[in-house]
Amino acid sequence: QVQLVESGGGLVQPGGSLRLSCAASGSISSIYAMGWYRQAPGNQRELVAEITNGGGSNYADSVKGRFTISRDNAKNTVYLQMFSLKPEDTAVYYCKVRAFVAVGGTTNYWGQGTPVTVSS
């Protein structure tokens, strides 16, 4: 199976920056899309950004120009660099990886979530 370990969340003031990381490990044959989602209290989980194994990326309108997603295929790691953070960015951020494993085929895997709080 696949394990995802997220890091980088925390408390930051409005206008500040954070960088999230998510490292995948396990019996991985191939990793396809990698992405970040977030869920604020009382809200549904929503897509923040995703990146394909070819490097193409897609962002939620609310974060365009402020967040950048990237990946290091050699390390099976995806990053989310967040700038100009706003209080409305406060949420638990989840990493999602679509991977092929020898036993089980292609499946979406989720991290445990890392909280981001933007507050003065």
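Conventions used here
- Residues numbered from 1 in each chain as written.
- Predicted model: local features only at pLDDT ≥ 70, side-chain atom pairs only at ≥ 80, totals over all residues.
- Heavy atoms only, no water.
- Salt bridge = Lys/Arg side-chain N within 4 Å of Asp/Glu carboxyl O.
- Pairing = 2+ DSSP bridges.
- Helix = DSSP H or I, 4+ residues; strand = E, 2+ residues; numbered from the N terminus.
- Buried < 20%, exposed > 50% of the residue type's maximum accessible area, 1.4 Å probe, protein only.
- Disulfide = S-S within 2.5 Å.
- Core = buried A, V, L, I, M, F, W, Y, C linked by side-chain atoms within 4.5 Å.
- Polar contact = N/O pair within 3.5 Å; in protein donor to acceptor, adjacent residues only side chain to side chain.
- Contact = heavy atoms within 4.5 Å.

A word on the pattern of salt bridges
Point 1. Applying the stated criterion across every chain, the model contains four salt bridges.
Point 2. One salt bridge in this structure joins Arg-38 and Glu-46, with 2.8 Å as the shortest N-O distance.
Point 3. In this structure, a network of salt bridges that share partners links the residues Arg-38, Glu-46, Arg-66 and Asp-89.

With respect to the pairing of strand S10 (residues 105-110)
Point 1. Direction of pairing for strand S9 (residues 91-101) relative to S10: antiparallel, over a ladder of six bridges. In the strand pairing of S10, Val-101 is matched with Gly-105.
Point 2. Where S9 folds back on S10, the antiparallel hairpin that results is connected by three residues, among which Gly-104 adopts a positive phi of roughly 120°.

Some remarks on unusual backbone geometry
Point 1. Residues other than glycine seldom take positive phi values, yet Asn-76 does so here, at roughly 50°.
Point 2. Structurally, Asn-76 is set in the loop between strand S7 (67-72) and strand S8 (77-82).
Point 3. A positive phi is found at Ser-84, a non-glycine position, where the angle reads about 50°.
Point 4. By the secondary structure assignment, Ser-84 is in the loop between S8 and S9.
Point 5. Accessibility expressed as a relative area gives 39% for Ser-84, which makes it partly exposed.

Some thoughts on the state of the cysteines
Point 1. By the definition in use, this model includes one disulfide.
Point 2. With its sulfur 2.1 Å from that of its partner, Cys-22 forms a disulfide with Cys-95. Every disulfide takes its handedness from the sign of the S-S torsion; for Cys-22 and Cys-95 that torsion is -75°, giving left-handed. Separated by 73 residues along the polypeptide, Cys-22 in strand S3 (residues 18-26) and Cys-95 in strand S9 bring together distant segments of the chain. Across the pair, Cys-95 and Cys-22 agree in class, each one buried.

Some words on the nonpolar core
Where a protein is soluble and globular, its nonpolar side chains tend to be buried together.
Point 1. If you look at the biggest cluster of nonpolar residues, it comprises 32 residues, and the most contacted ones within it are Trp-36, Leu-80, Met-82 and Tyr-93.
Point 2. Top element by residues in this core is S9. It accounts for six residues.

Comments concerning the side chain of Thr-114
Point 1. Note on placement: Thr-114 falls in strand S11 (residues 114-118).
Point 2. The buried category is assigned to Thr-114, whose relative accessible area is 7%.
Point 3. Here Gly-9 takes part through its backbone nitrogen, which lies 3.3 Å from a polar atom of the side chain of Thr-114.
Point 4. Among all residues touching Thr-114, those that are not within four sequence positions of it are Glu-6, Gly-9, Leu-20, Ala-91, Val-92 and Tyr-93.

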